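Summary of structural features
Chain residues, written in single-letter form:
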Amino acid sequence: MDENRNEVGGGQLIAGYLGIILMLIGGIILLPIMLLAVYPEESVYASCFTIPGVTAILTGYVMSLFIRGRDKRRLIGHQDALIVVFSWLLAILFCSVPFMLTGKYNFTQSVFECTSGWSTTGLSVVNVEDCPKIFLLFRSVMLFFGGVGLVLVMISVLSDRHGMRLYCAEGHTDRLVPNLVKSARMIIVIYTGYIISGTLLYIYFGMNWFDALNHSIAALSTGGFSTKAESIGYYGSFGIEAVTIVLMLLGSTNFLAHLYLIRGGGKNFFRYCEVKFQLILCALAAPVLSAFFIYGGLEGHVGQGFRDGLFQVVTALTTTGFQTVPSFAVWSSPLIMVMTLLMLIGGGTGSTAGGIKQIRVCIMLKSLCWSIRSKISQKRLIHADGIYRISGKTERWVRITLSLRHGHSLGIIEDVTGDMMKKQRIKYERDHDSLTRIYSRAAFQREAEAILEQAGEMPGQTGEMPGLSGNGPVNLGTAAMVMLDLDGLKSVNDTYGHESGDIYIRETAVCMKGIPEDHAIVGRRSGDEFFILLFGYEDRNG
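Residues numbered from 1 in each chain as written. Predicted model: local features only at pLDDT ≥ 70, side-chain atom pairs only at ≥ 80, totals over all residues. Heavy atoms only, no water.

1. Some thoughts on the overall build of the protein chain
To be explicit about the condition: Where helices and strands are cited, they refer to DSSP runs of H or I of at least four residues and of E of at least two residues respectively, numbered from the N terminus. The contact rule is simple, with two residues in contact once any of their heavy atoms fall within 4.5 Å. For the area figures, the Shrake-Rupley method with a 1.4 Å probe applies, and any residue is considered shielded solely by the protein chains shown.
The helix and strand tally for the protein chain stands at 21 helices and 10 strands. Long-range contacts, defined here as pairs at least 24 residues apart, represent 61% of the contacts in the protein chain between residues at least 6 apart. Counting only carbon and sulfur atoms, one obtains 60% of the accessible surface of the protein chain, whose full area is about 27,600 Å².

Right under this line is the structure:
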């Protein structure tokens, strides 16, 4: 009894995790206050950050007490998704408070700005020319943490048994090393290293340190928030534009490719399919845009046309939104169409960029090429497509799509472990009772019908059982259907509480599961009622 009281699940488990996230959000809100050491004249805005920041930390601490020092039950259903969704909603709502406390922005404008920041979208209602620097930095802070992800930051600090489920629920697929915590920390280290490098390069090319830091974060997170109304075009510097292009491309690249770059040098990095596809797209689209600029009279000379063409291609493909041109109002329809197509394609999987994602477009184009080749080729083609399980220290699944031609083969190997595990989890939770972990009523009925149908409902006959348990041939033999209920369950619930009643039900199910699986299937019909189908015995005595 005491052991079960020390376990936490359901709403308390969700509230506990949200409490930890809320404390993290409070710390994020307080970060811009450090800028007051350099710009003390903006200390008048300190209360705009301390009030929501401290409130978030205290509220989060109280909520985290639900799980502190207690064993956590398994996350069931879509609890992981609920935690992630509410985490982002809390981040947006609490971070909008500093904007509202200034009195310059209403609730809608504040939430819009914070949603744009956390989602690294880059749309803004803030006039950056007269906005205090502390708020400009706050926008960049939201871009930073929105780019890497709230849950990822939490995992990098805490080692948690449910970390992998929350990590995947937030949309991450990039485990750089087998250990999830080390993988999360490595992503943050890579991300921070790029920002520091970008800041130093910006300063070298003439930016002041504050603008350099903000633009470095905005470029890498592909968020596009600028401290200038004219964006990157304000500086008119080729060096600054080049640094921005590199940071935007790095931000739109899968973190696994970054690991290739750091550990294996440029060879493995440039062999990565998304990196090649991204560079090919830039090489094809940049001359097209440049030609429109030059022949459309939008640029004075060829060099500037190519410079602006390349920059706008990269900023569109990475969905960043920086600009070096004065206005898009004078652009022709073909120019806008090219930019729109690039934005639809977007960046790489697992990156901070938006869009359809390059790997999907790349696979689609390759599949289209294979299909066309198979239609027009006179040579014999063999196609194979299947999902295979790889056994080892950790079980994994891969999808292999293979096209074989005389003497040549072309294939794609895709890791679908996450999808398969999700499907298995959904199937298990659909077919099993959440309390006892034995078959639900509907699943038991399907399983029993499958056994009877395959065995021909005739003793002594055998057949393959295609049901949920996945066993081999079934010999029905002497069989019996047992229906039973628990005595005194209501009395246990009324006297000792429903938790004790749940223990009573679970322990009964444990006893039933002790029957050999090749001779029985067990299911829960309702609250205190159970089914047992016994089969495969030689006679009534077993």
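Read on for the rest.
2. What about a positive patch on the surface?
The criterion, for reference: Nonpolar side chains (Val, Leu, Ile, Met, Phe, Trp, Tyr) within 5 Å and like charges within 9 Å form the patches, drawn only from residues with over 30% relative accessible area and no salt bridge. In what follows, salt bridge is the name for a side-chain nitrogen of Lys or Arg lying within 4 Å of a carboxyl oxygen of Asp or Glu. Neither His nor the chain termini are counted; the positive set is Lys and Arg, and the negative set is Asp and Glu. One atom stands in for each charge, and that atom is NZ of Lys, CZ of Arg, CG of Asp or CD of Glu. For the exposure calls, accessible area comes from a 1.4 Å probe over protein chains only, and a residue counts as buried if that area is under 20% of its type's maximum, exposed if over 50%, partly exposed in between.
Together, K267, R271, K276 and K366 make up a region of like positive charge exposed at the surface. Looking at the element boundaries, K276 is found in helix α14 (residues 273-295). Owing to a relative accessible area of 43%, K276 belongs among the partly exposed residues under this scheme.

3. Observations concerning the pattern of salt bridges
The final tally for this structure, using the stated rule, is nine salt bridges. Linking E113 and R139 is a salt bridge whose minimum nitrogen-to-oxygen distance equals 3.0 Å. Linking E113 in helix α5 (residues 107-118) with R139 in helix α6 (residues 133-148), this pair joins segments that are 26 residues apart in sequence. Assessed through its relative accessible area of 2%, R139 is described here as buried. Salt bridges sharing partners connect three or more residues here, namely R430, D431 and R446.

4. A word on helix α16 (residues 333-345)
To keep it simple, the criterion reads: Helix span, as expected, comes to 1.5 Å for every residue beyond the first. In this description, one arc is meant: the one made by directions from the helix axis to the C-beta atoms.
Across its 13 residues, α16 extends 19 Å between first and last C-alpha, which sits within 8% of the 18 Å expected from 1.5 Å per residue. When we look at burial in α16, the residues that qualify are L335, V338, M339, L342 and I345. Down the axis of α16, the buried side of the element spans an arc of 120°, and every buried residue falls inside it. Immediately downstream of α16, the backbone of G346 shows phi near 75°, a positive value.

5. Here we look at the packing of aromatic side chains
Our working rule: Any two of the Phe, Tyr and Trp rings considered here, Trp counted by its six-membered ring, make a pair once their centres fall within 6.5 Å; the pair's planes then place it as stacked at under 30 degrees, edge-to-face at over 60, or tilted in between. The rule for a charge over a ring is simple: NZ of Lys or CZ of Arg within 6 Å of the ring centre, and within 35 degrees of the ring normal.
Taken as a whole, this structure holds 16 aromatic pairs when the rule is applied. With a centroid separation of 5.3 Å and an interplanar angle of 50°, the aromatic rings of F99 and F135 are classed as tilted. One end of the pair, F99, is in helix α4 (residues 79-101); the other, F135, is in helix α6, and 36 residues separate them in sequence. Among the residues examined, F99 registers a relative accessible area of 1% and is labelled buried. Taking the centre distance of 5.0 Å and the plane angle of 85° together, the rings of Y234 and Y235 count as edge-to-face. Here Y234 falls in the partly exposed class, since its relative accessible area comes to 45%. Among the aromatic side chains, those forming a connected cluster through ring pairs are Y45, F49, F99, Y105, F135 and F138. Sitting over the ring of F210, K133 keeps its end group 5.9 Å from the ring centre.

6. Observations regarding α14
With 23 residues, α14 extends 34 Å from end C-alpha to end C-alpha; this agrees with the ideal 33 Å at 1.5 Å per step. Along α14, the residues classified as buried are E274, V275, F277, Q278, L281, C282, A285, A286, L289, S290 and F293.

7. Some details on unusual backbone geometry
Only a minority of non-glycine residues have a phi that is not negative, and only a minority of peptide bonds are not trans. Within the chain, T120 stands out as a residue other than glycine whose phi angle is a positive 50°. The phi dihedral of R437 is positive, around 65°, even though this residue is not glycine. With respect to the helices, strands and loops of the structure, R437 is situated in the loop between α18 (417-431) and α19 (441-454). Since its relative accessible area comes to 22%, R437 is described here as partly exposed.

8. Considerations on the sheet that holds strand β9 (residues 520-524)
Counted only if it meets this: Strand pairing is assigned whenever DSSP detects at least two bridges linking the two strands. Only the contacting stretch of a helix is used when fitting its axis, a line to C-alpha atoms as for every element, and angles between N-to-C directions run 0 to 180 degrees.
Here we have three strands laid out as an open sheet, ordered β8-β10-β9, and antiparallel in their pairing. Looking along the sheet, the strands with just one partner apiece sit at the ends: β8 (478-485) and β9. Along the sheet, successive strands turn relative to each other by an average axial angle of 10°, direction set aside. As defined by bridge partners, β8 adjoins strand β10 (residues 529-537) across seven bridges and the pair is classed as antiparallel. Looking at β10, one finds that T478 is bridged to Y537. The strands touched by helix α21 (residues 498-512) within the sheet are β8, β9 and β10, with β10 carrying the most contacts at an inclination of about 5°.

9. Some details on the side chain of T315
Rules: For this analysis, a polar contact is any N or O atom pair within 3.5 Å, provided that within protein one partner can donate a hydrogen and the other can accept it, and provided that sequence-adjacent residues contribute only side-chain to side-chain pairs.
Topologically, T315 is positioned in helix α15 (residues 302-317). At 3.0 Å, the side chain of T315 and the backbone nitrogen of G321 are in polar contact. A polar atom in the side chain of T315 sits 2.9 Å from the backbone nitrogen of F322. With sequence-adjacent residues up to four places away left out, T315 is seen in contact with M248, T320, G321 and F322.

10. Overview of the pairing of β10
As judged from the five bridges shared by β9 and β10, these two strands associate in the antiparallel manner. Residue G523 lies in a different strand from β10, and its bridge partner there is F531. In textbook terms, the turn of a hairpin is the stretch between consecutive antiparallel strands, and for β9 and β10 this stretch comprises four residues.

11. Let's talk about the environment of T102
Within the secondary structure, T102 sits in the loop between α4 and α5. A distance of 3.3 Å separates the side chain of T102 from the backbone nitrogen of K104, its partner in a polar contact.

12. Overview of the confidence of the model for the protein chain
Stated formally: The score called pLDDT rates the predictor's confidence residue by residue, from a low of 0 to a high of 100.
Confidence in the prediction for the protein chain averages 82 pLDDT; 84% of positions are at 70 or higher. Across residues 457-471 the pLDDT falls below 50, and counting only partners more than four positions away or on other chains, this stretch makes 41 contacts in the model.

13. Side note on the environment of N208
Relative to the assigned elements, N208 resides in the loop between α9 (180-204) and α10 (209-220). Among the polar contacts listed, one links the side chain of N208 to the backbone nitrogen of D211, at a separation of 2.8 Å.

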